[in-house]
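# An overview of the molecular structure
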Amino acid sequence: MPYLNIDSEKQRTFDAIVIGSGISGGWAAKELTERGLKTLVLERGKDVKHNVDYPTTNMMPWEFKHRGQIPQDIREANPVVSKCYAFREDAMHFFVKDTEHPYVQDKPFDWIRGYQVGGKSLLWARQTQRWSEFDFEGPARDGFAVDWPIRYKDLAPWYSHVEKFAGISGNRDGLAELPDGEFLPAIELTCVEKYFQDELRRQYKNRHLVVARCAHVTQPQQIHLDQGRAQCQHRNLCQRGCPFGGYFSSNASTLPWAAKTGNLTLRPFSVVHSILFDETKNKAKGVLVIDANTKESVEYYAPIIFVNAAALNTNLLLLNSKSARFPNGLGNDNGLLGKYVAFHNYRARINAEYEGFQDVTTEGKRPTSGYIPRFRNVYKQETDFLRGYAAGFGAGRYDEQDSDGVGVTLKDKLALSKLGPWRVNSHMMGETIPKETNFVSLDESQKDDWGMPKLKISVDYDENDEKMVKDFIEQFTEMYTKAGFTNIRTSDSKQAPGLDIHEMGGVRMGKDPKTSLLNEWNQLHECKNVFVTDGACMTSTSTQNPSLTYMALTARAVDYAVKNSRSIV
Amino acid sequence: MNRRTLLKQLAVSSAAAFILPSCLLEEKKVSQALSNLDIKAGDEKLISLLAETLIPETDTPGAKSLKADSFALVMVNDCLEKSEQEKYLAGMRGFDAASKSLTGKSFIDSSAEERVDILNQVEAAKDKLGEDVGAFYFRTRWYIIQGYTSSQHFLTNIKKYEHIPGPDFKGCVPVTTNKLNS
């Protein structure tokens, strides 16, 4: 037995442990340390300090050897991550390479990961729409998954809490299906987006286009200045890390805030192998960490543990946390751990052009676009598929380079700017229905370099998803046609699940310990001092980009944990 | 294959192996290391001539002085699949012959003015180039334009790249003449 030394054990004991430093782990760290808890944040990857470890952030286009493109040998060695739109020369150092951390695809699944301090919060698309009552009541109304143990009113104050700190820009649109929040000034829609907004209002009862709410500081408040963050400068190079702290990330916001309290200990290169269960006290006592570099194991202890390892890795960790009491994984009495995994269906796109508004264009860049909240089956079931989809929508004009000719002719043409037509594009974000047959499990026959079993992913689309793809294409073709858009082109990428990077579930919340893993406070029903507040906790997926909801659930759970620490620990 | 043919081929190939090193000595050294491409100085010269012909030096720098030719080779070396690289090299080696059969003139040995004419004819006759030469030429053209238009000179002096555009985004403004929207 190593570490019998009492002093050493004391040094390895904290008030709380947070596993993972991404978008939800950062929030757990901030909330716990602010309330005076000595908190250890464990991150499996390298440290990424705000502004210090953003190696490409100030690079000019000509400074990239391949002008952004990923070299062929890297693409061939890493076919999964190479499919991700943001895996480019300027940000590839923030992505996990397939070769470094293999997993088992029982069915095709593109698992996109970011193993570093800040996780994927450095790389996210920064869209932050609130869930509505229609989303929380969905499973109960439509008879799938299990009923959420919370409703919109339970989360609303916590949405406000995280929005004020993170800095969310948007309009108060007054839509029941997309509740308003604490918004900084919105970024403008373009002429054709406004035109489409009007057309939808005119032609349909219940279809709305708004400017997407996004985590960009459009007008810094004192709370943002206190974090050392400044106004977003619309560089649209967010994936490199932002020197202004213009968008929200753990690195720019929650982690430095937590560090300022003096209560944070951050340990990078810490692969959490398992959560240790104390059979006599019937609660978790700490974690077993494998040092990513030395491969040495070390235990850390705390009476409160937050699991924020990112949805599927949280599943992996809990499944791997075996004890006499929990032979099938921590809290897994009902055998549902790892099951009911779901995601977002991003397969369909529709592009077109618009011949109007030739005398106007846009000026500058912007880090967001339009958003059309779900309009299918909102108030009642009205189609032959369950739930529906939201959509991103953008319309803009771009410089179209004429590159015909040879010699001076070509050279002169390249120097000209020719404004193209208005181009409109939209993509679906479909809710998928969590099912027992969509699950992750451990492949015990294959261990990784740190002694962890490989994760086996068995997740697929179903008929509901196929119908939704078809409906999106039909409905948007109709909407585009009615608006007079021309040259309409639709596509179904058939991309595998995972590339949406919105995988959720496996450790779902619910009212009943027989059918769920977590209660209404994100505590494991069967191990009350362990909280899961990342994507793994999601009972259903709705259509919104999920990060804002993880942040709000995390802050709410920390509040509960701290207020009820006596009964928990 | 019978034994006699095999032996003959072995003799030829070992003779080739014997002769090759001295050939190599005659080839000028290439200016940059390209790990996946067997590029000779003559090949480099062809790419440079294409760069200079496509986007010439005038009162402003051309593609060659902005090193768009080296950029093109780096992209071929680093970013193409093996099969595409092979096709590219085959097309490169066949380009001057294609130029001769199409226009009666060697691209390499012509004057700068003639080279512009040759490329205009090559582009007009793209269906007759053959798959490899066509792939080689249009891929090179693409990379040279990319290298030129993403150079510091171009993005500083011709079309200004704004690294920090600032927060003012306007969704609807009148189109003005000479509007730079890049």
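What follows concerns the overall build of chain A. A tally of helices and strands in chain A yields 14 helices and 24 strands. Relative to its length of 569 residues, chain A is compact, with a C-alpha radius of gyration of 24 Å against a globular reference of 25 Å. Dimensions of chain A along its principal axes, counting C-alpha atoms only, are 80 × 55 × 50 Å. For chain A, contacts bridging at least 24 residues in sequence account for 72% of all contacts bridging at least 6. Of the roughly 20,600 Å² of accessible surface on chain A, 50% is carried by carbon and sulfur atoms.

This brings us to the packing of helix H2 (residues 23-34) of chain A against helix H6 (residues 152-166) of chain A. For any two helices packed against each other, the geometry is given by the interaxial angle and the distance between the axes. Residue and element names in this part refer to chain A. Close contact between H2 and H6 brings their axes to 13 Å; oriented N to C, the two are set at 95°. By the angle class used here, H2 and H6 are roughly perpendicular. Contacts between H2 and H6 pair Trp27, Lys30 and Glu31 from the former with His161, Val162 and Phe165 from the latter. Taken together, the residues that form the contact of H2 with H6 break down as three nonpolar, one polar and two charged.

We now examine the sheet that holds strand S2 (residues 39-42) of chain A. Within the open sheet, the six strands sit side by side as S7-S2-S1-S11-S24-S23 (chain A). Their pairing is mixed. Of all strands in the sheet, those with a lone pairing partner are strand S7 (264-267) and strand S23 (523-524) of chain A, marking the two edges.

Moving on to the nonpolar core. Judged by nonpolar contacts, the single largest core of 101 residues is most densely connected at Ile275 and Val287 of chain A. Ranked by residue count, the leading element in this core is H6 of chain A, at eight residues. Other than its neighbours up to four places away in sequence, Ile275 of chain A contacts Ile19, Ala284, Gly286, Val287, Ile305, Val307, Leu317, Leu318, Ser321, Leu330 and Val530 of chain A. By size, the runner-up hydrophobic cluster in this structure holds 42 residues, among which are Leu414 of chain A together with Leu80, Leu89 and Phe95 of chain B.

With that out of the way, let us pick up helix H5 (residues 112-124) of chain B. All names here are of chain B. Counted at 1.5 Å a residue, the expected span for H5 with its 13 residues is 18 Å, and the 19 Å between its end C-alpha atoms agrees. What H5 keeps buried is the set Arg115, Ile118, Leu119, Val122 and Glu123. End-on view of H5: buried residues confined to an arc of 130°, all on one side of the axis. Counted as exposed and oriented over 90 degrees from the buried face of H5: Glu113 and Ala124. Buried residues along H5 sit in contact with helix H2 (41-54), helix H4 (82-103) and helix H6 (131-149).

So, on to the state of the cysteines. Residues and elements named next belong to chain A. The final tally for this structure, using the stated rule, is one disulfide over all chains. For the unlinked cysteine Cys214, the closest cysteine sulfur is that of Cys232, found at 7.5 Å. Lacking any disulfide linkage, Cys232 is separated from the closest cysteine sulfur, that of Cys238, by 6.5 Å. Under the relative-accessibility criterion, Cys232 is labelled buried at 7%.

This part covers the environment of Glu31 of chain A. All names here are of chain A. Residue placement: Glu31 occurs in helix H2. Here the alpha-carbon distance between Glu31 and Val558, two residues 527 residues apart in the chain, equals 6.5 Å. With residues up to four places along the chain from it excluded, the contact list for Glu31 reads His161, Ala555 and Val558. Within the structure, Glu31 has its side chain in polar contact with the side chain of Lys30 (distance 2.7 Å).

Residues and elements named next belong to chain A. Quantified by volume, the second largest pocket comes out at close to 260 Å³. Along the walls of the second largest pocket sit 17 residues, with Gly45, Lys46, Glu100, His101 and Tyr115 positioned nearest its centre. Here the residues of the lining of the second largest pocket are counted per class, giving eight nonpolar, five polar and four charged.

Residues and elements named next belong to chain A. The final tally for this structure, using the stated rule, is 46 salt bridges over all chains. Across the pair Lys153 and Asp154 runs a salt bridge whose closest N-O atoms are separated by 3.7 Å. For Asp462, the salt bridge goes to Lys435, with nearest N and O atoms at 2.7 Å. Taken as a pair, Asp462 in the loop between strand S20 (453-458) and helix H12 (463-482) and Lys435 in the loop between strand S18 (419-431) and strand S19 (439-447) lie far apart in primary sequence, 27 residues in all.

Attention now moves to empty space enclosed by the protein. Residue and element names in this part refer to chain A. As enumerated under the stated definition, the model contains two cavities of 30 Å³ or more in all. By volume, the largest cavity amounts to about 80 Å³. Every residue along the wall of the largest cavity is listed here: His216, Cys232, Gln233, His234, Arg235, Asn236, Leu237, Cys238, Cys242, Phe244, Gly246 and Tyr247. Of the residues in the lining of the largest cavity, the class split is six nonpolar, five polar and one charged. The computed volume of the second largest cavity comes to approximately 60 Å³. Considering only residue class, the lining of the second largest cavity consists of five nonpolar, three polar and three charged.

Looking now at the packing of aromatic side chains. Each aromatic ring pair is characterised by the separation of its centres together with the angle its planes make. Residues and elements named next belong to chain A. The tally for this structure, following the rule as stated, stands at 39 aromatic pairs over all chains. Between Phe277 and Phe326, the ring centres sit 5.1 Å apart and the planes meet at 80°, which makes this aromatic pair edge-to-face. A residue pair is termed long-range when its members are at least 10 positions apart, and Phe277 in strand S8 (residues 270-278) and Phe326 in the loop between helix H10 (311-320) and strand S12 (339-342) qualify at 49 residues. As far as the burial class goes, Phe277 and Phe326 line up, both buried. A ring pair is formed by Phe476 and Tyr480, whose centres lie 6.3 Å apart and whose planes are at 70°; its orientation type is edge-to-face. Of this pair, Phe476 and Tyr480 both sit in helix H12, four residues apart, which is roughly one turn of that helix. As far as the burial class goes, Phe476 and Tyr480 line up, both buried. An aromatic cluster is present here, built from Tyr195, Phe196, Tyr354, Phe357, Phe375, Tyr389, Phe393, Phe472, Phe476, Tyr480 and Phe485 joined pairwise through their rings.

Conventions and cut-offs
- Residues numbered from 1 in each chain as written.
- Chains lettered and ligands numbered in written order.
- Predicted model: local features only at pLDDT ≥ 70, side-chain atom pairs only at ≥ 80, totals over all residues.
- Heavy atoms only, no water.
- Helix = DSSP H or I, 4+ residues; strand = E, 2+ residues; numbered from the N terminus.
- Rg over C-alpha atoms; globule rule 2.2 N^0.38 Å.
- Contact = heavy atoms within 4.5 Å.
- Areas by Shrake-Rupley, 256 points an atom, 1.4 Å probe, with all protein chains shown as cover.
- Axes fitted to C-alpha atoms, helices over the stretch in contact; angles between N-to-C directions.
- Parallel < 35°, antiparallel > 145°, perpendicular 65-115°, else oblique.
- Nonpolar A, V, L, I, M, F, W, Y, C, P; charged D, E, K, R; others polar.
- Pairing = 2+ DSSP bridges.
- Core = buried A, V, L, I, M, F, W, Y, C linked by side-chain atoms within 4.5 Å.
- Buried < 20%, exposed > 50% of the residue type's maximum accessible area, 1.4 Å probe, protein only.
- Expected span 1.5 Å × (residues − 1).
- Arc of directions from axis to C-beta.
- Disulfide = S-S within 2.5 Å.
- Polar contact = N/O pair within 3.5 Å; in protein donor to acceptor, adjacent residues only side chain to side chain.
- 1 Å grid on protein atoms, 1.4 Å probe; cavity = no way out; pocket = protein on both sides within 12 Å on 5 of 7 lines; lining within 4 Å.
- Points joined across faces, edges and corners; volume = space filled by probe spheres on them.
- Salt bridge = Lys/Arg side-chain N within 4 Å of Asp/Glu carboxyl O.
- Phe/Tyr/Trp six-rings, centres within 6.5 Å; stacked < 30°, edge-to-face > 60°.

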